[in-house]
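One-letter residues, chain by chain:
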Amino acid sequence: MEQVYGIDINSVYEIIRMESITKVPRSPHFVEGVIDLRGRIIPVIGLSVLFGLGQNERTQASRIIIVEVSGQTIGMIVDSVQEVLRIPVSAIEPPPPMVNGIDAAYLRGIAILEERLIILLDQNKILMEEEKDQLLQPNIAGNQA
């Protein structure tokens, strides 16, 4: 069964098709590389790698979601983008106690919508402080060293 994740659409700048990602030497394990988005160098992370789920195969449905995380514009690789939904606050439950560890700090909650479970992500908490620091290294952030 596939896992469905959701992110607040207000935090999404755009969604683009997979494109060539330039690898960056010595980048953190979760950083796939960088892309040139209309003259801006954007670091791209693999969410499945970051979440410890391993690397997923890229398909025609794979997308890069461009978001801002703590003031840094990044791309997040996802398997696909399905739809934009309105989820009433009443449909959002807090994460169950068994997933309240540090690994689940990025969860806003779990939505129950039409018999589907949607894991809601908090894009500002997807990266831990150490990972944010790694992402802001000059060789990743597109700065000159």
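Here the residue numbers are simple positions, counted from 1 along each chain's written sequence. This being a predicted model, a pLDDT of at least 70 is required before a residue's local features are given, and a value of 80 or more before pairs of side-chain atoms are given or counted; all residues contribute to the totals for chains, interfaces and linings. Side-chain measures here rest on the full set of heavy atoms in the structure, leaving out hydrogens and waters.

**Student:** Provide a residue-level description of the side chain of Ser 62, including the pertinent values.
**Tutor:** Labels follow the DSSP assignment, with helices taken as runs of H or I lasting at least four residues and strands as runs of E lasting at least two, numbered in each case from the N terminus. Its location among the elements puts Ser 62 in the loop between helix H1 (47–50) and strand E5 (63–69). Two N or O atoms form a polar contact when they lie within 3.5 Å of each other; inside protein one atom must be a possible hydrogen donor and the other a possible acceptor, and for residues adjacent in sequence the pair counts only when both atoms belong to side chains. One polar contact links the side chain of Ser 62 to the main-chain amide nitrogen of Thr 59, over a distance of 2.9 Å.

**Student:** Could you give an account of the pattern of salt bridges, naming the residues involved and the relevant values?
**Tutor:** For this document, the term salt bridge refers to a Lys or Arg side-chain nitrogen within 4 Å of an Asp or Glu carboxyl oxygen. All chains considered together, the criterion is met by 3 salt bridges. One salt bridge connects Arg 58 with Glu 32, and the closest N-O pair in it is separated by 3.3 Å. In this pair, Arg 58 is assigned in the loop between H1 and E5 and Glu 32 in strand E3 (residues 31–37), connecting sequence segments 26 residues apart. Arg 58 sits in the partly exposed class, given a relative accessible area of 28%. We classify Glu 32 as buried; its relative accessible area is 9%. Salt-bridge contacts for Arg 116 lead to Glu 83; the nearest nitrogen and oxygen are separated by 3.1 Å. Taken together, the residues Arg 116 in strand E9 (residues 116–121) and Glu 83 in the loop between strand E6 (72–78) and strand E7 (92–93) connect sequence positions 33 residues apart. Burial here depends on accessible area, computed with a 1.4 Å probe over protein chains only, as a share of the maximum for the residue type. Under 20% is buried, over 50% is exposed, and the range in between is partly exposed. Given the relative accessible area of 26%, Arg 116 is considered partly exposed.

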